[in-house]
Amino acid sequence: MIESLLVANRGEIARRIIRTAKKLGIRAIVVHSEADADLPFVTEADHAVCVGPANPALSYRNVEAILAAAKDTGAQAIHPGYGFLSENADFARTVEASGLIWVGPGADAISAMGDKINARNLMAAAGVPVAPGTTEPAADLDAAVAAAGEIGYPVMVKAAAGGGGMGMGVAADEAGLRTEYDKVRSFAERMFGDGSVLIERYFPRVRHVEVQILGLADGRVVALGERECSVQRRNQKLVEESPSPAVSPELRARFLAAAVRAGEAVNYRNAGTVECLLDPTTGEFFFLEMNTRLQVEHPVTEHVYGVDLVEEQLRVAAGLAPTFDPDALAPHGHAIELRINAEDPKRFLPGPGAITTWNEPAGEGVRVDSGYVAGNTVTPFYDSLMAKLIISGATRDEAVQRAKAAVAQFEIAGPKNNLPFFAELLENPEFLSGDYDTGIVSRMR
């Protein structure tokens, strides 16, 4: 097993990785920015190195400083967490060229799935269902209009190099397409350095369902069930649950088989997620994208399948067999994750600030993965995620009831937070029925 691990991330995911590292007797090293010096992940690590100022480009995305920290502390491996450099193929290659172990998929797989158009074409060739759309970037507005005419309105206008719900727009007609095309292309050039645009069919009522895969050290790819991610604001997830209340055993078998084919098509190793859109009316599903990293919502899979996904990542990276039997994977119970963000619960606008009160809930089936404690400050430099409240139960109803109690017990004062939204959601008849889609938040607002 790996003996020393540098975590190239921050906040709750850094604490999460440290927890498993310590369980396995692995020396945990972290990098941090000047702004994060007082956060729990820094004090909980065996060793911490400041790699720059608050600006992520000068700290958490500072490849030179991170590699220097790894060398100076004797780290054997690097775990990138999610975000920042986690899906940067060049960084993965550089890590391995430096003689370090990369805890993630190979750089070739990251590259192959990082471009949405290339990924769509690869998946179609592998027999994974893809939504009608362009097979190459729309070179200009005229090409986009022509493609939309063939696909049929409404269409999704999407940055080919985007991710995390960013760089997307919906056009109901040609006039809307002309506006969204320029907007998405401009955003993509600014945020991703690549203005390539993809045009796809847009489904007015759809569910967002994803499958957790794990590429094992022996070359096999296995699927650890699906997660429902349809509670979203601005195309970004707020709630995830597993199993999905929309997925029957027959549909699950098709989902998992398609996800395994997706992983096999790019010789996938380590943890990844195959995201899909599900038409709840027809039962059709279509490949959306593959996230070549550990997902924010991985804990719900851990509870339902009884695995520690970070441990499995480390075992794959070390060339070891998994702790579970790949041929005997089966879900047990139900788990729900609520993303506790420093944001206004009505309009979901960021609301950073100093934390004066932080009291986490506890009890049977309750887990909190947090990045902060009382006395810390949520700064405006990073994602607004403060904590993840993960609740499990024997049934979905039991998990929901426990979630209600946990939300009521969670006390946060100082920064704005979205706990009131979750209290509302957990009483919403549409959510309670399990028959909801990606429009549920907009209907609540």
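Reading guide: rules and limits
- Residues numbered from 1 in each chain as written.
- Predicted model: local features only at pLDDT ≥ 70, side-chain atom pairs only at ≥ 80, totals over all residues.
- Heavy atoms only, no water.
- Helix = DSSP H or I, 4+ residues; strand = E, 2+ residues; numbered from the N terminus.
- Buried < 20%, exposed > 50% of the residue type's maximum accessible area, 1.4 Å probe, protein only.
- Contact = heavy atoms within 4.5 Å.
- Polar contact = N/O pair within 3.5 Å; in protein donor to acceptor, adjacent residues only side chain to side chain.
- Phe/Tyr/Trp six-rings, centres within 6.5 Å; stacked < 30°, edge-to-face > 60°.
- Lys NZ or Arg CZ within 6 Å of the ring centre and 35° of its normal.
- Salt bridge = Lys/Arg side-chain N within 4 Å of Asp/Glu carboxyl O.
- Pairing = 2+ DSSP bridges.
- Axes fitted to C-alpha atoms, helices over the stretch in contact; angles between N-to-C directions.

(A) Structural context of the environment of A335. Positionally, A335 belongs in strand 14 (residues 334-341). Exposure remark for A335: the relative accessible area of 0% places this residue in the buried category. Sequence spacing of A335 and E364 is 29 residues, and the spatial spacing of their C-alpha atoms is 12 Å. Apart from residues lying up to four places away in sequence, A335 is in contact with E240, E241, S242, V300, H303, V304, I391 and S392.

(B) Region of interest: the environment of V130. By the secondary structure assignment, V130 is in the loop between helix 6 (116-125) and helix 7 (141-151). Spatially, the C-alpha atom of V130 lies 10.0 Å from that of A119, the residues being 11 residues apart in sequence. With near-sequence residues (within four places) excluded, V130 lies in contact with R120, M123, A124, F286 and F287.

(C) Structural detail: the side chain of N428. Here N428 lies in the loop between helix 13 (419-425) and helix 14 (429-433). What makes N428 buried here is its relative accessible area of 15%. A polar contact of 3.0 Å, which involves the side chain of N428, links it to the backbone nitrogen of F431. Setting aside anything within four residues of it in sequence, one finds N428 in contact with I440 and M444.

(D) Structural context of the packing of aromatic side chains. All chains considered together, the criterion is met by 12 aromatic pairs. Both rings, one in Y60 and one in Y382, keep their centres 5.6 Å apart while their planes meet at 80°; by these two values the pair is edge-to-face. Of this pair, Y60 sits in the loop between strand 3 (47-52) and helix 3 (63-73) while Y382 sits in the loop between strand 18 (377-378) and strand 19 (385-393); the two residues are 322 residues apart in sequence, bridging distant segments of the chain. The two residues Y60 and Y382 agree in class, both being buried. Judged by centre distance (4.2 Å) and plane angle (20°), the ring pair of F255 and F285 falls under stacked. With F255 in helix 9 (residues 249-265) and F285 in strand 13 (residues 285-291), this pair connects stretches of sequence that are 30 residues apart. F285 gets classed as buried once you look at its relative accessible area, which sits at 6%. Ring pairs connect the aromatic residues Y60, F84, F381 and Y382, which therefore count as one cluster. In this structure, R207 packs its charged tip against the face of Y436, placed 4.7 Å from the ring centre.

(E) Representation of the pattern of salt bridges within the structure. The tally for this structure, following the rule as stated, stands at 38 salt bridges. Salt-bridge contacts for E302 lead to R16; the nearest nitrogen and oxygen are separated by 2.6 Å. Pair noted here: E302 is in helix 10 (residues 298-305) and R16 is in helix 1 (residues 11-23), with a separation of 286 residues, a long-range link. Residue class for E302 comes out buried when judged on its relative accessible area of 6%. Note that R207 is salt-bridged to E228, the shortest N-O span being 3.1 Å. Note that R207 is positioned in strand 9 (residues 207-215) and E228 in strand 10 (residues 221-233), a separation of 21 residues in sequence. Overall, the relative accessible area of 2% leaves R207 in the buried class. Its relative accessible area of 0% is what places E228 among the buried residues.

(F) Structural detail: the environment of E337. Within the secondary structure, E337 is located in strand 14. Among the residues examined, E337 registers a relative accessible area of 0% and is labelled buried. In sequence terms E337 and S242 are 95 residues apart; their C-alpha atoms lie 9.0 Å from each other. With residues near it in sequence (within four places) discarded, E337 still touches L238, V239, E240, V296, E297, P299, V300, K388, L389 and I390.

(G) Representation of the sheet that holds strand 5 (residues 101-102). If you walk across this open sheet you meet the five strands as 3-2-1-4-5, and the pairing is parallel. Of all strands in the sheet, those with a lone pairing partner are strand 3 and strand 5, marking the two edges. Bridge analysis of strand 1 (residues 4-7) against strand 2 (residues 27-33) gives four bridges, and the strand direction is parallel. Following the sheet pairing, S4 is matched in strand 2 by R27. Sheet strands touched by helix 3: strand 1, strand 2, strand 3 and strand 4 (77-79). Its angle to strand 3, the strand with the most contacts, is close to 155°.

(H) Highlighting the side chain of E297. Checked against the element boundaries, E297 lands in the loop between strand 13 and helix 10. Within the structure, E297 has its side chain in polar contact with the side chain of K237 (distance 2.7 Å). At 2.8 Å, the side chain of E297 and the side chain of R339 are in polar contact. Residues in contact with E297, not counting those within four places in the same chain, are E210, R227, C229, K237, E240, E337 and R339.

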